[in-house]
Amino acid sequence: VFDTKATFFELEKNDKGVVRPYNDFFGIISQLCEEPDLFFIVVGKSKGLSIKNDVAFGLSRVILHFIPLSPLDASSIVEFLQKSLLETPTQVPVCNVLCSSSFSVNELADSLLECTGGVPGLLTRAVNMLLNYIIARNQPFISKEECLTCMNDYDFRRICAEPFVERILNLDEDRKSVFDLLLMMALYRIPFQVDDRLSSESYLFDAVTEMGLYRYPIDQNTFQILIPKVFVGIFKKDPSISSLEKILLESLDVEPVDCFVYSKCRVFEGIVALRLVLMLSSKNRNELRELLCQLSPIWKQMKLPISTISPIHYIKSVVSSRETKSESNKSRRTFANTEWNKIIRETLYLETIYIPLDATSHSPDIIFKLQSPVEPKVLTVGVACKGRWKSEGIGLSDIIDEAKKFLDPVYDQVLSSAVDYHHCMLIIVSTKLSLNVSNELGNQSRCYSSGMFIGGDLFKVPDNCELVILCERDVQMLIDKEILNGLERAFCVSHNPTFWDFGLDLLDRIRNSFLSWQ
């Protein structure tokens, strides 16, 4: 613990009178030790990361290496479970008590990672609670589903997380005001670096720590915000949580943690999806919803607004065996037969919005389902977010490619054998349309219904399907022009922009665009 008040040591101060004890610390310890080789472990906040090798008083062989105190991954949790022994005469490994022949230690590790995010303190507390549960009933878990059911119970989450969430539940208003911003960064996979600031006096790195949240390291200087699922239930019960924060929390709660770990920044699709959630549930007049009613006879028959605000789900399990080529010559997978049946018939519940995991590997980018008040008419909607900062805009061939990847498989594999009440729509949301597309549309949004052709005879819309192309003006009902321009600047810098690339002003504007719809 550094003696910053100079009670025991006379510490050097800079010209502003601020103590920077690190330099003195190396010198003091080196004078106290007779041995020439020294090994330091220094635990500190982000300001400590500014130390460089050349400040260590020129001591020979001094190397500073910073190791972030980060969450465990699945393989490390397996090792922990295998090497942790119960204090019994036989010293039984923890995994032998919790697992059975039908429930492996790898599945247990996945379950614990899903629940705790791999945070060591939460992990050990969750394991102890599972041991108490198993010992009380005298029977190990027989499946991953049974284990997750136990950990997803509200009382389990509350008891497990209580000591850790007290800090955030008692934050002052100034600090709590950035909670929804941190939630948004976690959901949209916006990474940040150690020197990013929320203000001239506040590091983002430190704000995450002070709020009792966690950081998942991408590299030595770059992190993502990690909010363990055991926290979510307690946060949602807090009466001060806003409706926006509740949507973001529920969205984080329903997605797999490995989806969080491996996916890239999804801010563009995330904004569109969340605005759609708010649009579909709003009881106020809504221009985009009215536009879709004017364009589409099927949409007009759906029950809107929906009764509750639902979370955004991220699809992790959809992987295809068929591949096509996109305009950028990168593979874009479409959905195989069994996958579409699973999505349409089982996974896509009413009033739920889904985003596939990887922005470049699946089509479309967003999927949701609506239902008519006159049972049982159902509309499955796909949204393709196209033309991400493509200078020449997307062409007819790009739109037709998207339609073939979504409408054709849905019709062939589902609608052709379904009764007439099931319909499908693809909405093209583009940041920029090419000249030939604008001419085709007449600079207005347009709906192509069943049997209509687009691009001459290049594509015919299947039965019970519709293709809606939003013009650039109407896209701004979902994302305003200032946000679009800011996103374009950020994604021109990097394919996976950081907090610094977006800037606090842009993220605040995005947050305010959500708040304006509540």
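Here's a quick rundown of the structure. In this text the structure is predicted, and so the values were computed from the model without any measurement.

Some points on the overall build of the protein
Here comes step 1: Counting its secondary structure elements, the protein contains 23 helices and 16 strands.
Here comes step 2: Within the protein, the proportion of its 518 residues that are buried is 52%.
Here comes step 3: Look at the contacts in the protein between residues 6 or more apart in sequence, and 68% of them connect residues 24 or more apart.
Here comes step 4: Roughly 25,100 Å² of accessible area belongs to the protein as shown, and the carbon and sulfur atoms make up 51% of that amount.

Side note on the side chain of Asp-474
Here comes step 1: Within the fold, Asp-474 resides in helix H20 (residues 472-475).
Here comes step 2: By relative accessible area, which is 7% here, Asp-474 ends up buried.

Things to note about the sheet that holds strand S5 (residues 222-226)
Here comes step 1: In space, the three strands of this open sheet follow the order S1-S5-S4, with antiparallel pairing throughout. For this open sheet the edge positions go to strand S1 (192-193) and strand S4 (214-219), each flanked by a neighbour on one side alone.
Here comes step 2: Here S4 runs beside S5; their pairing, made up of five bridges, is antiparallel. Note that in S5 the partner of Tyr-216 across the bridge is Gln-224.

Observations regarding the packing of helix H5 (residues 120-137) against helix H6 (residues 144-152)
Here comes step 1: One way to put it is that H5 packs onto H6 with a least axis distance of 11 Å and a crossing angle of 115°. The pairing of H5 with H6 is recorded here as roughly perpendicular in orientation. Our pair here, H5 against H6, has a crossing hand that is right-handed. Of H6, the residues touching H5 (which contributes Leu-130, Tyr-133 and Arg-137) are Glu-146, Cys-147, Cys-150 and Met-151.
Here comes step 2: Class assignment of the residues belonging to the contact of H5 with H6 gives a composition of five nonpolar, no polar and two charged.

Some details on the pairing of strand S10 (residues 366-371)
Here comes step 1: With six of six residues buried, S10 lies mostly within the body of the structure.
Here comes step 2: Because side chains alternate across S10, one face comprises the buried residues Ile-366, Phe-368 and Leu-370, and the other comprises Ile-367, Lys-369 and Gln-371, equally buried.
Here comes step 3: Here S10 runs beside strand S11 (residues 378-386); their pairing, made up of six bridges, is antiparallel. The residue bridging Gln-371 from the neighbouring strand is Val-378, located in S11.

Considering empty space enclosed by the protein
Here comes step 1: Considering all chains together, one arrives at two cavities of 30 Å³ or more under this definition.
Here comes step 2: Computed from the structure, the second largest cavity encloses a volume of approximately 50 Å³.
Here comes step 3: Along the walls of the second largest cavity sit Leu-276, Leu-288, Leu-292, Val-383, Ile-427, Val-429, Leu-470 and Leu-478, which together make up its complete lining.
Here comes step 4: Listed by contribution, the elements that provide at least two residues to the lining of the second largest cavity are helix H15 (287-295) and strand S12 (422-430).
Here comes step 5: Residues that form the lining of the second largest cavity fall into these classes: eight nonpolar, no polar and no charged.

Describing the environment of Arg-189
Here comes step 1: Relative to the elements of secondary structure, Arg-189 occurs in the loop between helix H9 (179-187) and S1.
Here comes step 2: On the basis of relative accessible area, Arg-189 is assigned to the buried category, the value being 1%.
Here comes step 3: Counting along the chain gives 81 residues from Arg-189 to Gly-270, while the straight-line C-alpha distance between them is 9.7 Å.

Cut-offs applied
Residues numbered from 1 in each chain as written. Predicted model: local features only at pLDDT ≥ 70, side-chain atom pairs only at ≥ 80, totals over all residues. Heavy atoms only, no water. Helix = DSSP H or I, 4+ residues; strand = E, 2+ residues; numbered from the N terminus. Buried < 20%, exposed > 50% of the residue type's maximum accessible area, 1.4 Å probe, protein only. Contact = heavy atoms within 4.5 Å. Areas by Shrake-Rupley, 256 points an atom, 1.4 Å probe, with all protein chains shown as cover. Pairing = 2+ DSSP bridges. Axes fitted to C-alpha atoms, helices over the stretch in contact; angles between N-to-C directions. Parallel < 35°, antiparallel > 145°, perpendicular 65-115°, else oblique. Left-handed = near helix turned anticlockwise from the far one by under 90°. Nonpolar A, V, L, I, M, F, W, Y, C, P; charged D, E, K, R; others polar. 1 Å grid on protein atoms, 1.4 Å probe; cavity = no way out; pocket = protein on both sides within 12 Å on 5 of 7 lines; lining within 4 Å. Points joined across faces, edges and corners; volume = space filled by probe spheres on them.

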